[in-house]
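Letter by letter, the chains look like this.
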Amino acid sequence: MSAIKQNAASADQPYQPIPFAKKHRISVEDAKAILEKHGADRKSADKEARRVAV
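The rules behind each value
Residues numbered from 1 in each chain as written. Predicted model: local features only at pLDDT ≥ 70, side-chain atom pairs only at ≥ 80, totals over all residues. Heavy atoms only, no water. Helix = DSSP H or I, 4+ residues; strand = E, 2+ residues; numbered from the N terminus. Buried < 20%, exposed > 50% of the residue type's maximum accessible area, 1.4 Å probe, protein only. Contact = heavy atoms within 4.5 Å. Areas by Shrake-Rupley, 256 points an atom, 1.4 Å probe, with all protein chains shown as cover. Expected span 1.5 Å × (residues − 1). Arc of directions from axis to C-beta. Salt bridge = Lys/Arg side-chain N within 4 Å of Asp/Glu carboxyl O.

Chemist: How should the overall build of the protein be read in this particular structure?
Modeler: Of regular secondary structure, the protein possesses four helices and zero strands. Mapped from its N terminus to its C terminus, the protein presents α and β elements in the order α-α-α-α. Counting over 54 residues, the protein shows a buried share of 24%. A separation threshold of at least 6 residues defines the contact pool for the protein, and within that pool the share at least 24 residues apart is 40%. About 4200 Å² of surface is accessible on the protein, with carbon and sulfur atoms providing 53% of the total.

Laid out in structure tokens, this is it:
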């Protein structure tokens, strides 16, 4: 699979809580709450995580 197709496919998948928490330097509990609220919408989840990280 090409890198472009791989990135597009992974964009449709929901985040896992631990890598998401590490990426945004937030607690795993906060990450789980954000991911439950936003589901597979990565853009919204990332935006919310940036708010929590501040």
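Chemist: What am I meant to see in the environment of R25 here?
Modeler: Turning to its location among the elements, R25 is positioned in the loop between α2 (17-24) and α3 (28-38). Judged by its relative accessible area of 78%, R25 falls in the exposed class.

Chemist: Would you mind going over helix α4 (residues 42-53) with me for this structure?
Modeler: Note: α-helices contain 3.6 residues per turn, so residues at a spacing of three or four share the same orientation. Relative to the 16 Å expected for twelve residues at 1.5 Å per residue, α4 spans 16 Å between its end C-alpha atoms, a close match to the ideal helical length. For α4, the complete set of buried residues consists of A45, D46, E48 and A49. Down the axis of α4, the buried set is contained in an arc of 165 degrees. They therefore lie on one face. Of the exposed residues in α4, those oriented more than 90 degrees away from the buried face are K43, R50 and R51.

Chemist: Which parts of the structure should I look at to understand the pattern of salt bridges?
Modeler: Enumeration over the complete set of coordinates arrives at two salt bridges. Among the salt bridges present, the one from K23 reaches D46, with a minimum N-O distance of 3.7 Å. With a gap of 23 residues between them, K23 in helix α2 and D46 in helix α4 connect regions that are remote in the sequence. Taking the shortest distance from any N to any O, the salt bridge between R51 and E48 comes out at 3.0 Å. Taken together, the residues R51 and E48, both in helix α4 and three residues apart, mark about one turn of the helix.

Read these as spatial facts, not as claims about activity.
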